[in-house]
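Structural overview for review
The residues making up each chain are set out below.
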Amino acid sequence: MTVAKKEEKMSFNLKDVDHWGEATGESADTMRALRRVPARLGMLDADLASLSADVVRYDLDIAGRGYGLVSRAKDMEKNGRREDSRVRALLKRFQAAHLGITPQNQAVRARYDAFMDLIEENEGEPGSGKRWNIGRHRSLCALRARAALAPENLTQEEIDRIGREMSADKRKGLRKTMVFLNGLFGLTNELPELREFLPAVQLAPPAGSSWARRMDWNGLPEVFRASFDAAAEACVAGEEDLAEKMLARIEAGEDPETVMAEADERGTQEENRVGKPTAAREQYRLAVTWLVRVWEDEGNDVDALTDIRDLFQKPMIEAAIKDQTARSRSAPDLRDPLASTTLKTRLTSLRTLAKRGLEDMKAVAVIRLLQAQHYDVPRKKLARTGDEAAIYMEVDRIFGSLRQRPELANIWSNAPRRIADAARGKIERARLKKNRGQELTALRMFAGAAAYAVQMSRPMRPECLRHGRIASCGDAHSNLVRTAPGEKLFTFRFAPWEIKNDRWVTVEVVGDDAEILREWIETWRPRMIELQKLDKNNVYLFPGAAQPKLEEGDPVVLPRGSYSPSAFLELWRDSSKVLGVHETPHRIRHVVALLILALRPGDYAFVSTVLGNTPKVAEKHYGRDDGQAAAREARAAMLAAHPDLFNQLTKRLSHER
């Protein structure tokens, strides 16, 4: 595509697509899906003109969002994905008409179908003796949907083109697809039928469209690479290697007392051991390559490099930091540099190389100060100044959604039951098919229902939810409290050291939520432990394999076996798809606060009791300006749409009174 066409592509918006679709007679369902996009984002209909017609931008900014704001379908996730598919197809037809992009040849798609059928024939359950697990052929779906060339005719240019037209998340999947495709080259003797589908040569995974250019490590001077290898080996050296090195220094004539003093100092320091030396070396190499790229960009001759010490200078490291920051902020498919950990990871690797590999404490100090100047301090400043503004924006957005769709209150209030019902259906279907993978996915969905049951009863920090324990383990007490005979509720108690506000917090789960939680604990949680082959004595409400982080001031070390933060957020997000609307576990506190104020306008003391903050903070966050009048207005709208809604909410919150 020429530069002119690229600029033209960026100038089109969804309003242009709307006019074109109307003129060409696109189907009513497709046009309705397009016109509902602004409502899904909480925008005005006129804002259709402000949204890009680029398919990548659509996937990045719109797809998967706001289904619950426009849909009343029983399965809002399925209905929403269908609408996203219709809009994507419409955008591709629009681009074909205006930019001359040729639609995919059906003969090409047929070749991918045949290729995928061959892979599927060699799939089976674990232990069946088949080459791949069930579903492995689906990794080729991305190529089948986007490639203009048959699999045997694929080129590096085609792979890079496909990568440029994908969002960052989808491009990550394509990179995995290329790894799988390249791995098939080694199986041609076992499966000769593969030969007719494989390209002439192995192809590299696509780079991100905004990533820095690749550097050929093997093309760098050998003496330079040797200096890196020596430094990297010193970084991953064990205690025995360090002892041998110190003995060699003494034998070479160095003062024994100086060497022993250094050894004693090392013995008193708590240095992190390298658990995976191969992975550590790779991180060190990526960090050095990062500096080499900037060295070349600054006009220096790469062939003149002889020692990695040449790169460990303040101007070079600072230039690399500024380049990374500028690219991240200007690229739509890269994360904000202060939100991403890439920069911190690079600098940590450089600091380790400087300290252990080069023993250059001056370079260590320079890197540490540059990291503080360009990453740590701006990140802390952003957190201080941005938290309050972010809370206000989140509350306004959620409140706007409730005004737009009052029935969202009903969806959120009954979220545990809706998710649990969907999960039971998926579990049953997975068991009928004897598909352990699908059963595990369905069990995670039921875990999400249990998490919603707790969080809608009394919102907590996600960390408390992840670390909630239903049994004791050593010094780590159980959060679940023993109930009296006949009581149909669950009570959780969290100690001050577990809570942000340094206070005891009690969470009672009652009614239908308690039944869902009971079903999870007694039936599905043990099955999940069995399928994941976890420790049967796992004490966490949501069992995993992660080691909880020990925070400063914690009196006990929690045992291994919790969910990791990222895995738990993924579980929550997948469960939220049933609702058609997604709010993070932390933002559910805003949802609960607004629902309470809809029931009891102006009762910020009650809100503060439920959320665990003060009435002043509750009023500041949820009662700005005409907050009470707004809550009353929302309550009237919700009552008009669902007269029995607030009876259900009253039952849910009655235990807090």
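To be clear, the structure that these remarks concern was listed above.
These notes cover the structure that comes with them. Only a predicted model underlies this, so the values are computations on that prediction, with no experimental measurement involved.

Definitions and limits used
- The residue numbers shown here count from 1 along each chain, following its written sequence.
- The model is predicted, so local features are restricted to residues of pLDDT at least 70 and side-chain atom pairs to those at 80 or more, both for listing and for counting; the totals for chains, interfaces and linings are taken over all residues.
- Processing note: side-chain calculations cover all non-hydrogen atoms of the structure and skip hydrogens and water entirely.
- Remark: nonpolar core denotes a set of buried residues (Ala, Val, Leu, Ile, Met, Phe, Trp, Tyr, Cys) joined through side-chain atoms within 4.5 Å.
- Summary of the burial criterion: residues with accessible area below 20% of their type's maximum are buried, those above 50% are exposed, and those between are partly exposed, where the area comes from a 1.4 Å probe applied to protein chains only.
- Under the DSSP-based scheme used, a helix requires at least four consecutive residues in state H or I and a strand at least two consecutive residues in state E, with every element numbered from the N terminus.
- Two rings from Phe, Tyr or Trp (for Trp, the six-membered ring) form a pair when their centres sit within 6.5 Å of each other. Planes less than 30 degrees apart are called stacked, planes more than 60 degrees apart edge-to-face, and all others tilted.
- Charge-over-ring contacts are defined here by two conditions on Lys NZ or Arg CZ: a distance within 6 Å of the ring centre and an angle within 35 degrees of the ring normal.
- The salt bridge definition used is simple: a Lys or Arg side-chain nitrogen within 4 Å of an Asp or Glu carboxyl oxygen.
- Here a residue-residue contact requires only that any non-hydrogen atoms of the pair lie within 4.5 Å.
- We define a polar contact as two N or O atoms separated by no more than 3.5 Å, with the added condition that, inside protein, one atom must be a possible hydrogen donor and the other a possible acceptor, whereas residues neighbouring each other in sequence contribute only through side-chain atom pairs.
- Here, any two strands with at least 2 DSSP bridges between them count as paired.
- In this description, the arc belongs to the directions extending from the helix axis to the C-beta atoms.

**Points about the nonpolar core**
Nonpolar side chains in soluble globular proteins generally cluster together in the buried interior. Formed by 73 residues in total, the largest nonpolar core has its most connected members in Phe492, Val509, Leu517, Trp520, Leu541, Phe542 and Tyr622. Broken down by element, the residue count for this core peaks at 13 residues, all from helix α21 (residues 436-457). Val302, Ala320, Leu347 and Val364 belong to the second largest nonpolar core, which has 38 residues in total.

**Some words on the packing of aromatic side chains**
As enumerated under the stated definition, the model contains 11 aromatic pairs in all. Where phenylalanine 115 meets phenylalanine 197, the ring centres are 5.1 Å apart and the plane angle is 5 degrees; that geometry is what we call stacked. With a gap of 82 residues between them, phenylalanine 115 in helix α8 (residues 106-121) and phenylalanine 197 in the loop between α11 (168-183) and α12 (222-235) connect regions that are remote in the sequence. Seen from their ring centres, tryptophan 132 and phenylalanine 180 are 5.8 Å apart, and the 75 degrees between their planes marks the pair as edge-to-face. Residue tryptophan 132 is found in strand β2 (residues 132-133), and its partner phenylalanine 180 is found in helix α11; the two are separated by 48 residues along the sequence. Per residue, the accessibility class of tryptophan 132 equals that of phenylalanine 180, and both read buried. Ring pairing ties together the aromatic residues Trp520, Phe542, Tyr563 and Phe568, which thus form one cluster. In this structure, arginine 600 is placed above the aromatic ring of phenylalanine 606, and the distance from its NZ or CZ to the ring centre is 4.0 Å.

**Quick look at the pattern of salt bridges**
Pairing of side chains with opposite charge becomes possible as their charged atoms draw close. Overall, the coordinates contain 29 salt bridges when judged by the stated rule. Put simply, arginine 93 and glutamate 26 hold a salt bridge, and the shortest N to O gap is 2.8 Å. Here arginine 93, found in helix α7 (residues 76-99), pairs with glutamate 26, found in the loop between α2 (14-24) and α3 (28-35); they are 67 residues apart in sequence, far enough to count as distant. Residues arginine 111 and glutamate 152 are paired through a salt bridge, measuring 3.2 Å at the closest nitrogen-oxygen approach. With arginine 111 in helix α8 and glutamate 152 in the loop between α9 (141-146) and α10 (156-164), this pair connects stretches of sequence that are 41 residues apart. Salt bridges sharing partners connect three or more residues here, namely Arg417, Asp421, Arg424 and Glu519.

**Description of the environment of valine 578**
Within the secondary structure, valine 578 is located in the loop between α24 (565-576) and α25 (588-599). The contact partners of valine 578, leaving out residues within four places of it in the chain, are Met76, Arg418, Ile419, Ala422 and Met445.

**Section: the side chain of threonine 30**
Checked against the element boundaries, threonine 30 lands in helix α3. Within the structure, the side chain of threonine 30 is placed 2.8 Å from the side chain of serine 27, a separation counted as a polar contact. Not counting chain neighbours up to four residues away, the residues in contact with threonine 30 comprise Arg86, Leu90 and Arg93.

**Concerning unusual backbone geometry**
Negative phi is the rule for most residues except glycine; trans is the rule for most peptide bonds. The backbone of glutamate 359 shows a phi angle near 50 degrees, a positive value even though the residue is not glycine. Summarising the element assignment, glutamate 359 is placed in the loop between α17 (342-357) and α18 (361-404). If you check the backbone angles, lysine 434 has positive phi at about 55 degrees while not being a glycine. Within the fold, lysine 434 resides in the loop between α20 (415-432) and α21. Lysine 434 gets classed as exposed once you look at its relative accessible area, which sits at 66%.

**So, the pairing of strand β5 (residues 505-509)**
Burial of the side chains of β5 is restricted to one face: Val505, Val507 and Val509 are buried, whereas none of Thr506 and Glu508 on the reverse face is. Across five bridges, strand β4 (residues 490-494) lies against β5 in antiparallel orientation. Pairing of arginine 493 across the sheet is with threonine 506, part of β5.

**As for helix α27 (residues 615-622)**
Among the residues of α27, those classed as buried are Ala618, His621 and Tyr622. Along the axis of α27, the buried residues cluster in a sector spanning 75 degrees; they form a single face.

Any functional reading would require information beyond the geometric quantities listed.
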